[in-house]
Amino acid sequence: MEYNKRIADMTPGDAVEGFYLLKAAAIKTSTSGSQYLNAVLSDVSGSIETKVWNYPGPLGAADEGKIVKIRGTVASFRGAPQLSVERIRLAQEQDPYDLSALIPAAPIDAEEMLRSAEALVASLQDDDYRAICTEMLARHLDAFRSIPAAKSVHHSFLNGLLMHTGNMMKIADFLAELYADTVDRDLLLAGTFLHDFAKVEEFSFSELGLVTEYSTKGRLLGHLAMGAQEIAEIAKEKEIPEEKSVLLQHMILSHHGEPEFGAAVRPQCAESELLALIDLIDSRMEIYRETFASVPAGKFSQRVFALDKMIYHH
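What comes next is a walk through the structure.

Rules of the game
- Residues numbered from 1 in each chain as written.
- Predicted model: local features only at pLDDT ≥ 70, side-chain atom pairs only at ≥ 80, totals over all residues.
- Heavy atoms only, no water.
- Pairing = 2+ DSSP bridges.
- Helix = DSSP H or I, 4+ residues; strand = E, 2+ residues; numbered from the N terminus.
- Salt bridge = Lys/Arg side-chain N within 4 Å of Asp/Glu carboxyl O.
- Buried < 20%, exposed > 50% of the residue type's maximum accessible area, 1.4 Å probe, protein only.
- Polar contact = N/O pair within 3.5 Å; in protein donor to acceptor, adjacent residues only side chain to side chain.
- Contact = heavy atoms within 4.5 Å.
- Core = buried A, V, L, I, M, F, W, Y, C linked by side-chain atoms within 4.5 Å.
- Phe/Tyr/Trp six-rings, centres within 6.5 Å; stacked < 30°, edge-to-face > 60°.
- Lys NZ or Arg CZ within 6 Å of the ring centre and 35° of its normal.
- Disulfide = S-S within 2.5 Å.

1. Considerations on the pairing of strand 2 (residues 15–29)
By the bridge criterion, two bridges tie strand 1 (residues 2–3) to strand 2 in an arrangement that is parallel. The residue bridging Glu2 from the neighbouring strand is Val16, located in strand 2. Where strand 2 and strand 5 (residues 66–77) come together, eight bridges link them in antiparallel fashion. Bridged to Leu22 within strand 5 is Lys66. Note: strand 2 against strand 3 (residues 35–43), eight bridges, orientation antiparallel. Across the sheet, Ala25 pairs through a bridge with Ala39, a residue of strand 3. Linkage of strand 2 to strand 3, two consecutive antiparallel strands, is achieved through a turn of five residues, within which Gly33 is found at a positive phi near 95°.

2. Considering the pattern of salt bridges
Throughout the structure, instances matching the rule amount to 23 salt bridges. For Asp63, the salt bridge goes to Lys66, with nearest N and O atoms at 3.2 Å. Look at Asp63 and you get buried, because its relative accessible area is 9%. One continuous salt-bridge network, built from bridges that share partners, spans Glu135, Arg139, Glu230 and Glu237.

3. Some points on the side chain of His313
Here His313 lies in strand 10 (residues 312–313). Polar contacts involving the side chain of His313 include one to the main-chain carbonyl oxygen of Val295, which spans 2.6 Å. Discounting residues that sit within four places of it in the chain, His313 has contacts with Phe292, Val295, Pro296, Ala297, Gly298 and Lys299.

4. Side note on unusual backbone geometry
Here the residue pair Gly57 and Pro58 is connected by a cis peptide bond, since its omega of 15° sits within 30 degrees of zero. As for its placement among the helices and strands, Pro58 is situated in the loop between strand 4 (46–52) and strand 5. One non-glycine residue, Val153, lies in positive phi territory at about 70°. Among the structural elements, Val153 can be located in the loop between helix 3 (127–146) and helix 4 (160–178). Taking relative accessible area as the criterion, Val153 reaches 45% and is therefore assigned partly exposed.

5. Describing the nonpolar core
Counting 40 residues, the largest nonpolar core has Ile132, Phe144, Leu188, Phe193, Leu194 and Leu248 as its most contacted members. Those elements that provide at least two residues to this core are helix 2 (110–122), helix 3, helix 4, helix 5 (185–194), helix 8 (222–237), helix 9 (242–253) and helix 10 (270–292). With residues up to four places along the chain from it excluded, the contact list for Leu188 reads Ala172, Ala176, Val183, Met251, Glu271, Leu274, Leu275 and Ile278.

6. Observations concerning the packing of aromatic side chains
Counted under the stated rule, the structure contains nine aromatic pairs. Plain terms: the ring middles of Phe203 and Phe205 are 6.2 Å apart, the flat faces sit at 90° to each other, and that makes the pair edge-to-face. The partly exposed category is assigned to Phe205, whose relative accessible area is 31%. Among the aromatic residues, ring-to-ring pairing joins Phe144, Phe193 and Phe197 into one connected group. For the cation-ring pair, Lys244 lies above Tyr129, with the distance from its terminal atom to the ring centre recorded as 5.7 Å.

7. Overview of the environment of Lys51
Relative to the helices and strands, Lys51 is located in strand 4. A polar side-chain atom of Lys51 sits 2.7 Å from a polar atom in the side chain of Asn38.

8. Brief notes about the state of the cysteines
Throughout the structure, instances matching the rule amount to zero disulfides. No disulfide involves Cys133; its sulfur sits 15 Å from the nearest other cysteine sulfur, which is in Cys269. A relative accessible area of 0% means that Cys133 is categorised as buried.

This is the structure in C-alpha cells:
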C-alpha cells in the first residue's frame, strides 16, 4: 500500500491510499441496476478516472472541489489507468494532508504576470480604452489574479485566468506590431485584456478556489454577454464614445470565433479576428502542455476530448 502516491506515477496493480482532490463526481446506475460513484481524482501531477462500485452516496456532485481520502487499487481500462476505490470519505480538519501537493496552480510567477499585464494596459495610448481596462481591473483584481480560466479543458487551476490573459496579451502585443498597418493596437490589447473578465461571475467556486460549476447567470447569459454588458455600463458611466464601446463589446461577443464554438457574433474587424485566433492559440497550447505531462515521449495520448484527436509527444 503506497500512501499519497502521485497520480502521474500510478500504474496498474498499485494499491494506494491517501488524500486527493475530488475534481468531478456523479452517482450513476450500472447495467445491473446498482449505483456507483463515477469520479475524477486529481493532484498537482495529473488526474485519474475513478469508480466506487456499489456506492449510493453520500458523496456526489455537490462535493466536487473538495479533498477526499481514499483507499483503492489502480487498474487499466481501455489502455488508460483507472482507480477502483474501496473506501472514500471527505477529508477532516485534523487530517494531515498537504494542499500544495493537491491543488494545481499556474506554473508562473503570478505577481510578475500581473505586472506584465498591467504594464501593457498602461501602455495603451487611447485614454478611453485604458480607462475601461483600469476600471475593470479595479473592480475584479482579486479574482482576476487568482481564479481558474475554466472548469476543465484548459487553465483550470489557480491563477489560470491570469496566466491565460497574460500570455494572450504578449501574443497580441507582438501581432499588433507585425500588422501595424492593419490593426489598432489599443483596441486589440484592450479587447484581449477584457475578454474573459466575466468568468468571475460565470462560475461558482469551491472553498479552495476551484471551479465547481456554472452559476445561474453563467448558464443563462455566459461570460461573453456578461462581459459586454459590464463594458457598456463602464463606458456609459465614463461618457466614452459609443463607437469605442461597441467595438469593445464586439471584441468580447465574438472572441470564440464562430457561433458553433459559443460566439454571439462572428468577428467582423481585424482586431476581433486576431483576438479569436489568439484565444485559440493559447488555449490549445495549454491543452498540449497539460496532456504532455502524462504522456511519455515517443507515445500518443488517448483521444483528447477538447481537440477531438490523439496527440503525439515527440
